Amino acid sequence: MTAAGTAASTESVNGTVPMRDGTYLIGRTRRRSGVTGCFVIDNPTVSERHAELIVLDGTCHLSDLDSHNGTWRVRSGGDRRISAGYVRPDERLRFGVVECSLEELFSGRQLAQR
C-alpha cells in the first residue's frame, strides 16, 4: 500500500497523523489524474478505482465508486455498506476484504485482511 500526494493545508488526526485537504482515490490503481493523491491497496477484492475520499478542514467524506466488493463500515452488530457519507478518521472501514481506518491509510501502516 502506498500513499502519494501533496496539498496546501495539513490537519492532524488525534495529533499524530497528518491528513491533507484534497481528493484521494482508494483502489488498486496508481493512476491519479484529477486527484490530490491515491492510496493503493494491492488486493484482488479491491477494485482499481474502489472509493473516493474528500478531506476538507479535517472532515472526511467517503464515496464508493461502484466497486465490485463494496465499501463498508465495520460494526460489531454487522458491517454496513457505504455508498457515500461522512466518516471519522479513526472509524474501522473495509474495502473488499481489507480492513483499516483512514488514519492507517494516511500513516502507511500495513493493512489487515479478513
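Scroll up to find the structure.
Keep in mind that what you see is a predicted model, and the values were worked out from it rather than measured. (Residues numbered from 1 in each chain as written. Predicted model: local features only at pLDDT ≥ 70, side-chain atom pairs only at ≥ 80, totals over all residues. Heavy atoms only, no water.)

Enquirer: Whenever I open this one, the overall build of the chain confuses me. Can you help?
Expert: A count of helical and extended segments in the chain gives 1 helix and 13 strands. When the helices and strands of the chain are listed from N to C terminus, the series reads β-β-β-β-β-β-β-β-β-β-β-β-α-β. The buried share of the chain, taken over its 114 residues, is 47%. Across the chain, contacts joining residues at least 24 apart in sequence account for 41% of those joining residues at least 6 apart. Summed over all atoms, the accessible surface of the chain reaches about 6100 Å², with 44% contributed by carbon and sulfur. (Helix = DSSP H or I, 4+ residues; strand = E, 2+ residues; numbered from the N terminus. Buried < 20%, exposed > 50% of the residue type's maximum accessible area, 1.4 Å probe, protein only. Contact = heavy atoms within 4.5 Å. Areas by Shrake-Rupley, 256 points an atom, 1.4 Å probe, with all protein chains shown as cover.)

Enquirer: Got a minute to help me understand the environment of Ser 47 in this structure?
Expert: Turning to its location among the elements, Ser 47 is positioned in the loop between strand S5 (37-40) and strand S6 (51-56). As for Ser 47 and His 68, which are separated by 21 residues in sequence, their C-alpha atoms are 6.5 Å apart. Leaving out residues up to four positions away in the same chain, Ser 47 has contacts with Gly 27, Arg 28, Ser 67 and His 68.

Enquirer: Got a minute to help me understand the environment of His 50 in this structure?
Expert: Within the fold, His 50 resides in the loop between S5 and S6. Residues His 50 and Thr 29, spaced 21 residues apart in sequence, show a C-alpha to C-alpha distance of 9.1 Å. With near-sequence residues (within four places) excluded, His 50 lies in contact with Ile 26, Gly 27, Thr 45, Asp 64, Leu 65, Ser 67, Gly 70, Thr 71, Phe 95 and Gly 96. Engagement of the side chain of His 50 in a polar contact is seen with the side chain of Thr 71, the distance being 3.4 Å. (Polar contact = N/O pair within 3.5 Å; in protein donor to acceptor, adjacent residues only side chain to side chain.)

Enquirer: For this particular structure, what's the right way to read unusual backbone geometry?
Expert: Glycine aside, negative phi is the norm for most residues, and most peptide bonds take the trans geometry. Positive phi, close to 50°, is recorded for Asp 57, a residue that is not glycine. Residue placement: Asp 57 occurs in the loop between S6 and strand S7 (59-64).

Enquirer: Is there a simple way to think about the packing of aromatic side chains in this case?
Expert: For any two aromatic rings, the description comes down to two numbers: the centre-to-centre distance and the angle of the planes. Inspection of the entire model under this criterion finds 3 aromatic pairs. Between Phe 39 and Phe 106, the ring centres sit 4.8 Å apart and the planes meet at 65°, which makes this aromatic pair edge-to-face. Highlighted residues: Phe 39 in strand S5 and Phe 106 in helix H1 (residues 102-107), separated in sequence by 67 residues. (Phe/Tyr/Trp six-rings, centres within 6.5 Å; stacked < 30°, edge-to-face > 60°.)

Enquirer: Whenever I open this one, the pairing of S7 confuses me. Can you help?
Expert: For S6 and S7, the ladder comprises 6 bridges, and the chain directions are antiparallel. Within S7, the position partnered with Glu 52 by the bridge is Ser 63. Where S6 folds back on S7, the antiparallel hairpin that results is connected by 2 residues, among which Asp 57 adopts a positive phi of roughly 50°. (Pairing = 2+ DSSP bridges.)

Functional significance is not addressed by these values, which are geometric in nature.
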